[in-house]
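Geometric and topological summary
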Amino acid sequence: MFAVPGWSVSASALRKQSEPQPQTKASQSSKPEADSNANMKSNKRKRDDNITKKNVVLMYRRHIEGSTGQAKAAKPNSAKPKPEKKPWERKREEKNDAAKRDKDKDQDKKATETVVAGADGSAEENKSAKRRRKNKNKGSQQQTAEENQATLNEAPAAESIPPAPPTTTAVLTPLQQAMRQKLISSRFRHLNETLYTTPSTKALELFTSNPELFEEYHAGFSRQVKESWPSNPVDGYINAIRTRGAISPAPKKGNKPDQKSRGLALPRRPNGTCTIVDLGCGDAQLHRALLPSAKKLNLTLHSFDLHAPKASPITKADISNLPLESGSADIAIFCLSLMGTNWVSFVEEAWRVLRSDGKGECWVSEVKSRFGKVHRKKAQIGAKRTLTKAEKKKLKKKRAGDDDAGSDVDDAEIYAEDARPSQDDETDISAFVEVFRTRGFVLKSETVDKSNKMFVKMEFVKAGGAPTKGKHASASGAPASGKKKFIEKTVAADNGMTPEEEAAVLKPCVYKIR
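The numbering scheme is per chain: residues are counted from 1 as the chain's sequence reads. Totals for whole chains, interfaces and linings use all residues, but because this is a predicted model, local features are given only for residues with pLDDT of at least 70 and pairs of side-chain atoms are given and counted only at 80 or more. Excluded from the side-chain calculations are hydrogens and water; all other atoms, namely the structure's heavy atoms, are used.

1. Some thoughts on helix α6 (residues 212–228)
Taking 1.5 Å per residue as the helical rise, α6 with its 17 residues ought to reach 24 Å, and the 25 Å between its terminal C-alpha atoms agrees with that figure. With a 1.4 Å probe rolled over the protein chains alone, any residue whose accessible area is under 20% of its type maximum counts as buried; one over 50% counts as exposed, and the rest are partly exposed. For the purposes of this entry, the term helix denotes a DSSP run of H or I that reaches at least four residues, the term strand denotes a run of E that reaches at least two, and both are numbered from the N terminus. Residues of α6 that are buried: Leu213, Phe214, Tyr217, His218, Gly220, Gln224 and Val225. Angularly, the buried residues of α6 cover 155° about the axis, an arc narrow enough to put them on a single face. α6 presents Glu215, Lys226 and Glu227 as exposed residues on the side facing more than 90 degrees away from its buried surface. Two residues form a contact once any of their heavy atoms are found within 4.5 Å. Elements in contact with the buried residues of α6: α4 (174–196), α5 (200–209) and β2 (299–305). To estimate the expected span of a helix, subtract one from its residue number and multiply by 1.5 Å. The arc in question is traced by the directions running from the helix axis to the C-beta atoms.

Here is the structure:
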């Protein structure tokens, strides 16, 4: 440092000069490596990535074998150097390589042209295929719409029924048994709904194509009877046939004719036989119960249903079209079997097969929930009603004992409040009876039984006149041949209901689907 006149610099701002440190071996060695890596990256040759099946050999020789030869040559003492080729050998190899390269180029060009041509052809084919698919889709959409409309018009079929649980021989736990039972009950409910909401022809087709459904349905039906029904109506019919069958229609010698017993006897032919047809017999319980005593009671039994299992007395038939002659039956029984949506045609067929002399009987048992309820008006004070016999006697005694009373009360009528309790359970069968009446039947009013909490029983008689409605209706309404025996006075008039309204008189008995 040297002094400059007029300047004053403090020594604290000056720094001591330091000598440069020597480089270590590691730092010296890392710098050349970094430089060499940079050079290698910059000198790295870009490869031709357009590799095909044709030029793969050429590319292998160029990139793999060439680099390997250079690497081998670079390594000292790795192998002996190959002898140098003669000039004519080098020219021959170059000529062969040039010819091979030209051949590969031609093959690549042909392959490219083939691909382009194929692409053009496939494009045209794709367009035509698209047009065909479009037309096909339009046709299939129209067909699907028609099929859907037909399916909506049709009632539920077997596809809606849940599959049956698989059979098993394993020992099930109580929980597994309960779950399996629920599946079986659900299948029964779906089958039951199908039978109530389809015509008998569809039900016949269903059981014909799936015979196992018939046995499954009646197994579920029997289980339902045991678990929740107070009684089975068919048991009452079995007892009634046995009781009435034991009564002789003709009095014994020396005895006066008993009109009551003769009225309770079964309707029989001149030869003494009584033909009973069970329409919609199910598992033919009535037939099997009466068969041992059929000969003694002189009975002829026929059982009809949609399916006839092997070794059973059932005849397979649609009960709207029975394989029986007209007038060949004495009693027709509908025990919970008016199930199809065309149940009115069952009634018409029963009229056809029953005898026409006023003695043919039709027994009907149905679930109360299928009928409507009676709508009664409340009794008003001052309403007019007719006195009963007991009330008349009491009134006469009272007037005879009261000499001073100058009563002007009529013996037959009195104005008072009608507060008598109704013996009816409010089940309205009037519309149902009307359907039977227009089909040529008359109700025996004394046979209507509503005592059971679940069922209604009633008996009809085939009247002497022709039906006023249905396929057997007569335009003139003239009575049929034979004796005319009316139990009730019939009115040969139409009930004013359309076929749809008549079919709706009985509501379907459908269980709650769970």
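2. Observations regarding the layout of surface pockets
Cavity means a closed set of points on a 1 Å grid over the protein atoms alone, one where a 1.4 Å probe fits but cannot get out, pocket means an open set with protein on both sides within 12 Å along at least 5 of 7 lines, and lining means a residue has an atom within 4 Å of a point. Grid points are joined across faces, edges and corners, and a volume is the space filled by probe spheres set on the points. What the second largest pocket holds in volume is close to 710 Å³. In terms of lining, the second largest pocket is formed by 42 residues, of which the most central are His218, Phe221, Gly280, Leu336 and Met339. If one sorts the elements of the lining of the second largest pocket by residue count, α6 sits on top with 9 residues. By residue class, the composition of the lining of the second largest pocket is 24 nonpolar, 13 polar and 5 charged. Each residue is assigned to one of three groups, with Ala, Val, Leu, Ile, Met, Phe, Trp, Tyr, Cys and Pro labelled nonpolar, Asp, Glu, Lys and Arg labelled charged, and all others, Gly among them, labelled polar.

3. Observations concerning the packing of aromatic side chains
Working definition: a ring pair exists when centres of Phe, Tyr or Trp rings (six-membered ring for Trp) sit within 6.5 Å. Plane angles under 30 degrees give stacked, over 60 give edge-to-face, the rest tilted. As enumerated under the stated definition, the model contains 12 aromatic pairs in all. Measuring from ring centre to ring centre gives 5.6 Å for Phe207 and Phe214, while their planes differ by 90°; the resulting arrangement is edge-to-face. This pair shows no difference in class: Phe207 is buried, exactly as Phe214 is. Taken together, the ring pairs in this structure connect Trp343, Phe371, Phe432, Phe436, Phe441 and Phe460 into an aromatic cluster. Above the plane of the ring of Tyr237 lies Lys457, whose end atom (NZ or CZ) is 5.2 Å from the centre. Stacked on the ring of Trp351, the Lys or Arg Lys462 has its end atom at 4.2 Å from the ring centre. In this scheme, Lys NZ or Arg CZ marks a charge over a ring once it lies within 6 Å of the ring centre and within 35 degrees of the ring normal.

4. A closer look at the packing of α4 against α6
Every axis in this analysis is a line fitted to C-alpha atoms, fitted for helices over the stretch in contact. Angles between the N-to-C directions lie between 0 and 180 degrees. Contact geometry of α4 with α6 gives a least axis separation of 9 Å together with a crossing angle of 110°. Considering the angle they form, α4 stands roughly perpendicular to α6. The segment α4 lies against α6, with Gln181, Ile184, Arg187, Phe188, Leu191, Asn192 and Leu195 engaging Leu213, Glu216, Tyr217, Gly220, Phe221, Arg223 and Gln224. For the contact of α4 with α6, the class distribution of residues is 7 nonpolar, 4 polar and 3 charged. By definition in this entry, angles of less than 35 degrees are roughly parallel, angles greater than 145 are roughly antiparallel, angles of 65 to 115 are roughly perpendicular, and the rest are oblique.

5. A closer look at the pairing of strand β4 (residues 331–335)
Counting buried residues along β4, 5 of its 5 residues qualify, which places the element largely inside the surrounding structure. On β4, burial covers both faces: Ile331, Ile333 and Cys335 on one face and Ala332 and Phe334 on the other are all buried. Two strands qualify as a pair provided that DSSP identifies no fewer than 2 bridges between them. Here 5 bridges tie β4 to strand β5 (residues 361–367), and the two strands are oriented parallel to one another. Bridge pairing in β5 links Cys335 to Ser365. Crossover connection from β4 via helix α11 (residues 343–353) to parallel β5: handedness right-handed. Call a crossover right-handed when, viewed with both strands pointing away from you, the route from the first strand across the helix to the second goes clockwise.

6. Quick look at the environment of Val234
In this structure, Val234 sits in helix α7 (residues 233–245). Judged by relative accessible area, Val234 falls into the buried class, the value being 9%. Taking the C-alpha atoms as reference points, Val234 and Ser365, separated by 131 residues in sequence, lie 8.7 Å from one another. In this structure Val234 touches Gln285, Leu286 and Cys335, once residues within four positions along its chain are discounted.

7. With respect to a nonpolar patch on the surface
Residues Ile51, Val56 and Val57 make up a contiguous nonpolar surface patch of about 240 Å² in total accessible area. Relative to the assigned elements, Val56 resides in helix α2 (residues 56–74). Residues qualify for a patch when their relative accessible area is over 30% and they have no salt bridge, like charges being joined within 9 Å and the nonpolar side chains of Val, Leu, Ile, Met, Phe, Trp and Tyr within 5 Å. Surface accessibility in these figures is a Shrake-Rupley result with a 1.4 Å probe; residues are shielded only by whichever protein chains are displayed. Each salt bridge in this description consists of a side-chain nitrogen of Lys or Arg and a carboxyl oxygen of Asp or Glu lying within 4 Å of one another.

8. Let's talk about α4
In this model α4 runs 33 Å from its N-terminal to its C-terminal C-alpha over 23 residues, within 8% of the 33 Å that 1.5 Å per residue would give. Residues of α4 that are buried: Ser186, Arg187, Phe188, Arg189, Leu191, Asn192, Thr194, Leu195 and Tyr196. Among the structural elements, α5 and α6 are those in contact with the buried residues of α4.

9. What to know about the side chain of Thr198
In this structure, Thr198 sits in the loop between α4 and α5. Think of a polar contact as two N or O atoms within 3.5 Å of one another; within protein, one of them needs to be a possible hydrogen donor and the other a possible acceptor, and neighboring residues in sequence only count if both atoms come from side chains. At 2.5 Å, the side chain of Thr198 and the backbone oxygen of Thr194 are in polar contact.

10. Side note on the environment of Asn321
Looking at the secondary structure, you find Asn321 in the loop between β3 (314–316) and β4. Judged by its relative accessible area of 57%, Asn321 falls in the exposed class. Once the C-alpha coordinates of Asn321 and Ala350 are considered, the two residues, 29 residues apart in sequence, prove to be 9.5 Å apart.

11. Observations regarding unusual backbone geometry
The phi dihedral of Asn298 is positive, around 60°, even though this residue is not glycine. Along the chain, Asn298 turns up in the loop between α10 (294–297) and β2. Phi is positive for Ala311, which is not a glycine, with a value near 60°.

12. As for the pairing of strand β1 (residues 274–279)
The element β1 is largely enclosed, with a buried count of 6 among its 6 residues. Here β1 shows a buried face lined by Cys274, Ile276 and Asp278 and a second buried face lined by Thr275, Val277 and Leu279. Bridge count for β1 against β4 is 3 bridges, and the pairing is parallel. If you follow Ile276 over to β4, its bridge partner there is Ile331.

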